[in-house]
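Residue-level structural notes
Given next are the chains, with one letter for each unit.
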Amino acid sequence: MILLVFGFYLLNQDVAREISRILHVQDLFTKWIKWLIVLLILSIFIATFYSGITFLLPRLIRLYRFISYLIVPFFVIAAVRTRTQYLTVFNTFFLLTAVTALIAFLQGLNYLPNFWPEYWVEMYSENDAPVATLSPHHKHIGVVMLVGVCIGLGYFLIVRNFFLKFLIAVSILVMFTVPLFAGTRTYLLGFVGVFPALIYIGRVQFIASLTFLVIIAYFTLSAGGEQITERVEQKFEKRVASRVERFGYEGLYRERTVIYEDILRAIIQHPYLLLTGTGYQNIFSFIGANGAHNNYLQAMMELGLLGFFVFISFLVLLWRNLKWSMKIKDRQISILSQYTWVAFAGILMTMFVGETIWGQAAMFTLAGQLSFLFALAISPLYWISRYQKLFTTESER
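Values in this document were obtained by computation on a predicted structure and should not be read as measured data. (Residues numbered from 1 in each chain as written. Predicted model: local features only at pLDDT ≥ 70, side-chain atom pairs only at ≥ 80, totals over all residues. Heavy atoms only, no water.)

1. Considering the overall build of the protein
In terms of regular secondary structure, the protein is built from 18 helices and zero strands. For the protein, buried positions account for 53% of its 397 residues. Looking at the protein alone, contacts between residues at least 24 apart form 77% of all its contacts between residues at least 6 apart. Summed over its atoms, the accessible surface of the protein is roughly 19000 Å², and 68% of this surface lies on carbon and sulfur atoms. (Helix = DSSP H or I, 4+ residues; strand = E, 2+ residues; numbered from the N terminus. Buried < 20%, exposed > 50% of the residue type's maximum accessible area, 1.4 Å probe, protein only. Contact = heavy atoms within 4.5 Å. Areas by Shrake-Rupley, 256 points an atom, 1.4 Å probe, with all protein chains shown as cover.)

Set out below in structure tokens:
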């Protein structure tokens, strides 16, 4: 399917020509994606050198999938060329996220069954997974809903119609609640980045939006919130309170710190890993775990310090691109860019405890979804620089 989609675009000479241009642009975050892909490919040889060919086929499959997600921005920027296309695709993205939230919400209340094979359900049975994303992992739904909440706030400010505002507010509340059903603490950590970002972009807007959402939440819970609160309380008891009771507050983070200690021990014992890395999807050979549970450490361990530098450079330039997009003199584009940036601030926090933007098997399509969103949000930067007159004319209609 991936080959069919990309092949369709590449056969379009106009799109292929634009992708060729984008490959040479130096002020978009795609600049660092190119180098990240090169290092990932080279790291396969390093992984094979350290661990042999036993796990080579799964590693190649995951690499193919991860690279496919990483090249999504080139296609999005090349294909989304006008204000109308931009808003249509963004509207569709938010609508699909809202539909996903509704399905997951109904699953959380046991009105809908899960739609996953039994072996996936067994694998993640601890968290009553799966839920309504293309991955059964609780963190995946948490990050998707975190993005949905942030983008939803942007739409809440954009629309004028009160009824649409009400529907958006309800969808935001559903998105906010779904990860609580899944019991993902990573989702809550994301708000450590989201709240300061919201305050940064507009204190008055933030307070007004929050006040309205609190009012809607009050009436929603009053109408029939006992089942919702009971589900959330059960998850809190299982994922937080019981752990604190058994292990103290250390129980909330100990499973991560054990892995971090193993990483430090591996680097001390094998300092050459800072130069070579373990190779892509080969971290298990050195720490006995499939992931670092920290996106930054994962990049450093698998690709070495050079790969870590490239990965951080990619994130920094993406941050700047989103900030530049916020300054575009078009109200809707500016607001959507602002709240995509807010979502990115939250995502950066989730990356401290998991591999949010990486090729981990459990995360399935998450990296591709985020690549699509970020590329869409900053696509006007490219097209304004290429066809400013055309874009401005369409914006004024």
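2. Section: the confidence of the model for the protein
In this model, the protein carries a mean pLDDT of 83, and residues with pLDDT of at least 70 account for 77%. Taken as a whole, residues 392–397 scores under 50 in pLDDT and shows five contacts with residues more than four places along the chain or in a different chain. (pLDDT = per-residue confidence, 0-100.)

3. Some details on the side chain of Thr340
As for its placement among the helices and strands, Thr340 is situated in helix α17 (residues 331–350). The buried category is assigned to Thr340, whose relative accessible area is 0%. If near-sequence neighbours (up to four positions away) are discounted, Thr340 is found in contact with Phe90, Ile151, Leu322, Leu373, Phe374 and Ala377.

4. Side note on the packing of helix α10 (residues 185–201) against α17
The geometry of α10 relative to α17 is characterised by a closest axis approach of 7 Å and an angle of 140° between their N-to-C directions. For the element pair α10 / α17, the angle class is oblique. You can see that α10 and α17 cross each other, and the crossing is right-handed. Contact with α10, carried on its side by Thr186, Leu189, Gly190, Val192, Gly193, Val194, Ala197, Leu198, Tyr200 and Ile201, involves Gln338, Tyr339, Trp341, Val342, Ala345, Gly346, Met349 and Thr350 of α17 and no other residues of that element. Among the residues making up the contact of α10 with α17, the classes are represented as twelve nonpolar, six polar and no charged. (Axes fitted to C-alpha atoms, helices over the stretch in contact; angles between N-to-C directions. Parallel < 35°, antiparallel > 145°, perpendicular 65-115°, else oblique. Left-handed = near helix turned anticlockwise from the far one by under 90°. Nonpolar A, V, L, I, M, F, W, Y, C, P; charged D, E, K, R; others polar.)

5. Concerning helix α2 (residues 13–22)
Taken together, the buried positions of α2 are occupied by Val15, Glu18, Ile19 and Ile22. Axial view of α2: buried residues confined to an arc of 105°, hence all on one face. (Arc of directions from axis to C-beta.)

6. What about the packing of aromatic side chains?
A complete count under the given rule lists 23 aromatic pairs for this structure. Ring centres of Phe94 and Tyr155 lie 5.0 Å apart, and the angle between their planes is 25°; this geometry places the pair in the stacked category. With Phe94 in helix α6 (residues 83–108) and Tyr155 in helix α8 (residues 138–158), this residue pair connects regions lying 61 residues apart in the sequence. Per residue, the accessibility class of Phe94 equals that of Tyr155, and both read buried. Summarising the aromatic geometry, the rings of Trp319 and Trp341 are spaced 5.0 Å apart at their centres and angled 65° between planes, so their arrangement reads as edge-to-face. Residue Trp319 is located in helix α16 (residues 295–325), and its partner Trp341 is located in helix α17; the two are separated by 22 residues in the primary sequence. Clustering of aromatic rings is evident, with ring pairs tying together Phe29, Phe66, Tyr280, Phe311, Phe314 and Trp358. Sitting above the plane of the Phe156 ring, Lys165 keeps its charged end 4.5 Å from the centroid. (Phe/Tyr/Trp six-rings, centres within 6.5 Å; stacked < 30°, edge-to-face > 60°. Lys NZ or Arg CZ within 6 Å of the ring centre and 35° of its normal.)

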